[in-house]
Amino acid sequence: MPKPIDVVEALLFASDAPLEAERIRDVLDLENVAAARALVGELVARYEAEERGLAIMEVGGGWRMVTRPELAPWLVRLARARTRVRLSRPALETLAIVAYKQPVSRPEIDAVRGVNSEATLDNLLERRLIRIAGRKEAPGRPFVYETTREFLVAFGLRDPGDLPKIEGELVIPELAAEAATADGEAQAQQDPGAGGAQQPAGS
Amino acid sequence: MPKPIDVVEALLFASDAPLEAERIRDVLDLENVAAARALVGELVARYEAEERGLAIMEVGGGWRMVTRPELAPWLVRLARARTRVRLSRPALETLAIVAYKQPVSRPEIDAVRGVNSEATLDNLLERRLIRIAGRKEAPGRPFVYETTREFLVAFGLRDPGDLPKIEGELVIPELAAEAATADGEAQAQQDPGAGGAQQPAGS
Amino acid sequence: MTDTELRLRVGTFEGPFDLLLHLCRTNEIDLAALPVRPITDQYLAHLEAMEFRDLEMAGAYLVMAATLIYLKSKLLVPPDESEEQLDDEGLLLKQELEDRLREYARVKMEGAWLAAREAEMALIWGRPGAALPSVEDLPLEDLSVDWLARMLSKLIEEQRRNRPREIEPNPPSVLERMTEILSVLRDTWSLLFSSLTGGERKRSEIVVTLLAVLELVRQGRIKTQQTELFGEIVIERQAARADGEAPSAQAD
């Protein structure tokens, strides 16, 4: 009789989407979700302790088995590994607006960016990072957009609440450095951004 | 510095086809193929000794990472949980049209249903029950949709011809300009949504 | 200063807010206390040196320029070089501009955070697709072909009862769009132009809508004005009285 923890390992390996605690409970006939969480926790701990080639990551409302970041150089050399196209700056800004304000309509996005976001939204829709969430009850009933589970997976987030709060007067880090000669006030304000960007990959 | 054996583990995990010794040698800059074989051998032995959820299998001139055969029943349960779909009424209606009339375009589906089917089609696409089969040589070159293998599996069909025979024929209305000359009564049909909208919401 | 100018001209910006933000950063301007005169002058100077990807992008920058110039025109006389005073309307506009600028700055940071995150995630690989047992061996749960058959029968039955439905031609004509706008305006006093096209993805739709609006303005059945800052057009029902005063689009 296989051990439950090994079953969870196989399930994580075989699943192409993040595996939810709920599902693990169902498949293993566990008493409750907490038992499923405990099992995964045990497996995560085992992987972390061994530090081999693989890791388990909590993302998109579930867990995923992934390769360890340190092994990226070799995986890049594996010719079959796909190359990923990074998002452009407009795409990232638009995605940020959707992620933080969802559900949000195009007129609202356009207003924040000051430019037309149609093409960018199409691109994000095509990549399935966002989806149409419905229509806004406003004249013209524009579509409203929200982020998808693929978005969470792509950015390694457990849920949209994982996005860092970015508040207050902001100083863009690279420009802050430039301005460092000035007065101390600008210096003090560069923290929120820098802190956000340096967050660990999410254990 | 990661250990070579862990790199091999990650390579096997991330590879979508059996991984040959030759390739492992290339990626790891090993002296020869024998060294690659030795590494994989070590990994295989480790997996066998531990007897956890995964195994390494030699197949098709290379190696693959797989789940252990004993765990198949749980994987079946997971797969079943994944394919169990409770389709909404509009989704079933749309799916029925695609199934019986494939390949069929969205304007045609809209015309039959009398309502916009975009969201429903997106839902079915997401569930992989249908897929885009190409474009129709008609004004606007709309996409045409067909059912997938997953559809057949989900509904227990060998092929689309297996669908139950229905009395009568569903007519796909002629679209756009050609239809306009048909009959003058068209004006009276002001309420295209009626047919679709009046169905009971329940079940 | 010349050094700064040179650096500015090489930079690429994602839109008017991006440029404005850059000007504020390089000049260490507090976003909560925007000096209208210098920022307008710099913005315009920079605009002259810029090359635009397309007309639409150029338009977005020009709308901001118009806003800034308008704001500058609101500065009370006599102008004191060191102090800027605005009337109430000017203050409101400035406030909104500052708010939007701050919001854009935040979005930019959020975008930067996402980019960093994306870079981290690029270092890890998942499985290429599911390794679950092929679904064809799986027992059916609660799907049944009978449902599909029943659905189709129902549709066929409906078709028998009804005559074939007229399909709405695509895209709508200018006339249809005009009717649509007027019918919306029966229930509400005003609406935004962007909201008329908000749900539409096709450029032709926007053109049709614009033509419809222009025609309705020409006919004196609606009036348009730019009360919003960045070029948003507000469409309003024209008051019933038919006086000679020509309705006008007041966009500075």
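Values in this document were obtained by computation on a predicted structure and should not be read as measured data. (Residues numbered from 1 in each chain as written. Chains lettered and ligands numbered in written order. Predicted model: local features only at pLDDT ≥ 70, side-chain atom pairs only at ≥ 80, totals over all residues. Heavy atoms only, no water.)

Regarding the overall build of chain C
What chain C contains, in helices and strands, is nine helices and three strands. Ordered by position from N to C terminus, the α and β elements of chain C give α-α-α-α-α-α-α-β-α-α-β-β. Burial status across chain C gives 41% buried among its 252 residues. Here the contacts in chain C between residues at least 6 apart in sequence split such that 62% fall between residues at least 24 apart. Within the structure as shown, chain C displays about 13,500 Å² of accessible surface, and the carbon and sulfur contribution to it stands at 54%. (Helix = DSSP H or I, 4+ residues; strand = E, 2+ residues; numbered from the N terminus. Buried < 20%, exposed > 50% of the residue type's maximum accessible area, 1.4 Å probe, protein only. Contact = heavy atoms within 4.5 Å. Areas by Shrake-Rupley, 256 points an atom, 1.4 Å probe, with all protein chains shown as cover.)

Structural notes on the pairing of strand β1 (residues 54-59) of chain B
Residues and elements named next belong to chain B. Bridge count between β1 and strand β2 (residues 62-67): six bridges; the pairing is antiparallel. Note that in β2 the partner of A55 across the bridge is V66. Linking β1 to β2, which pair antiparallel, is a turn of two residues; within it G60 sits at a positive phi near 50°. (Pairing = 2+ DSSP bridges.)

A word on helix α5 (residues 89-101) of chain A
All names here are of chain A. End to end, α5 covers 18 Å across 13 residues, agreeing with the expected 18 Å (1.5 Å per residue, within 8%). For α5, the tally of buried residues reaches 10 of 13 residues, placing the bulk of the element in the interior. For α5, the full list of buried residues reads P90, A91, L92, E93, T94, L95, A96, I97, V98 and A99. (Expected span 1.5 Å × (residues − 1).)

Focus on the packing of helix α1 (residues 4-14) of chain B against helix α3 (residues 33-50) of chain B
Residue and element names in this part refer to chain B. Between α1 and α3, the shortest axis-to-axis distance is 9 Å and the interhelical angle comes to 80°. By the angle class used here, α1 and α3 are roughly perpendicular. Counting all contacts with α1, which are made through P4, I5, D6, V8, E9 and L12, the residues of α3 involved are L39, V40, E42, L43, R46 and Y47. Its residues placed into classes, the contact of α1 with α3 shows eight nonpolar, no polar and four charged. (Axes fitted to C-alpha atoms, helices over the stretch in contact; angles between N-to-C directions. Parallel < 35°, antiparallel > 145°, perpendicular 65-115°, else oblique. Nonpolar A, V, L, I, M, F, W, Y, C, P; charged D, E, K, R; others polar.)

Side note on the pattern of salt bridges
Taken as a whole and judged by the stated rule, the model has 46 salt bridges over all chains. Across the pair E93(A) and R113(A) runs a salt bridge, and its minimum N-O distance is 3.9 Å. Here R113(A) lies in helix α6 (residues 106-113) and E93(A) lies in helix α5, a separation of 20 residues in the sequence. A salt bridge links D6(B) to K3(B); its shortest N-O distance comes to 3.8 Å. Among the residues examined, K3(B) registers a relative accessible area of 45% and is labelled partly exposed. Where salt bridges share partners, they join R89(A), E93(A), R113(A), D18(C) and K108(C) into one cluster. (Salt bridge = Lys/Arg side-chain N within 4 Å of Asp/Glu carboxyl O.)

Description of the environment of T148(B)
All names here are of chain B. Position of T148 among the secondary structure elements: in the loop between β5 (143-147) and α8 (149-155). As for T148 and I132, which are separated by 16 residues in sequence, their C-alpha atoms are 9.5 Å apart. Every residue in contact with T148, bar those within four places of it in the chain, is listed here: R128, L129, I130 and R131. For T148, the side chain forms a polar contact with the main-chain nitrogen of F151, separated by 3.0 Å. (Polar contact = N/O pair within 3.5 Å; in protein donor to acceptor, adjacent residues only side chain to side chain.)

Focus on the confidence of the model for chain C
Residue and element names in this part refer to chain C. Residues at a pLDDT of 70 or more form 72% of chain C, whose mean pLDDT is 74. Taken as a whole, residues 1-10 scores under 50 in pLDDT and shows nine contacts with residues more than four places along the chain or in a different chain. For residues 240-252, every residue scores under 50 in pLDDT, and the model assigns this stretch 14 contacts once sequence neighbours within four places are set aside. Per the prediction output, this complex has pTM 0.59; the corresponding ipTM is 0.61. (pLDDT = per-residue confidence, 0-100.)

Some details on the sheet that holds strand β4 (residues 130-135) of chain A
Residue and element names in this part refer to chain A. Taken in spatial order, the three strands line up as β3-β5-β4 in an open sheet, and their pairing is antiparallel. Two strands in the sheet have a free side with no partner beyond their single neighbour: β3 (104-105) and β4. In this sheet, strand β5 (residues 143-147) lies alongside β4 in antiparallel orientation, the contact comprising five bridges. Paired with R135 across the bridge in β5 is F143. Contacts between α5 and the sheet are confined to β3, β4 and β5, with β5 contributing the most and set at about 90° to the helix.

Considering the interface of chain A and chain B
How big an interface is tends to be stated in terms of the accessible area lost upon association of its parts. Listed as interface residues are 40 residues of chain A and, on the opposing side, 39 residues of chain B. Interface of chain A and chain B: buried area, both sides summed, is about 3,500 Å²; carbon and sulfur atoms make up 62% of it. For the pair chain A and chain B, the number of links is four salt bridges. For the salt bridge of D29(A) with R77(B), the shortest nitrogen-to-oxygen distance reads 3.3 Å. The tally of links from chain A across to chain B stands at 10 residue pairs in polar contact (both at pLDDT 80 or more). Listed by contribution, the elements that provide at least two residues to the side of chain A that touches chain B are α1 (4-14), α2 (21-28), α3 (33-50), β2 (62-67) and α4 (72-77) of chain A. Ranked by the residues each element gives to the side of chain A that touches chain B, the list is headed by α1(A), at seven residues. A class-by-class count of the residues in the side of chain A that touches chain B yields 22 nonpolar, three polar and 15 charged. (Buried area = accessible area lost by both parts, 1.4 Å probe.)

Digging into the sheet that holds strand β3 (residues 104-105) of chain B
Residues and elements named next belong to chain B. Taken in spatial order, the three strands of this open sheet run β3-β5-β4, and their pairing is antiparallel. The open sheet has two edge strands, β3 and β4 (130-135), and neither has a second partner. In this sheet, β5 lies alongside β3 in antiparallel orientation, the contact comprising two bridges. By the bridge assignment for β5, V104 is matched with Y145. Of the strands in this sheet, β3, β4 and β5 are in contact with helix α5 (residues 89-101), which crosses β5 at around 90°. Against the sheet, helix α7 (residues 118-126) makes contact with β4 and β5, and its axis sits at roughly 110° relative to β4, the strand it touches most.

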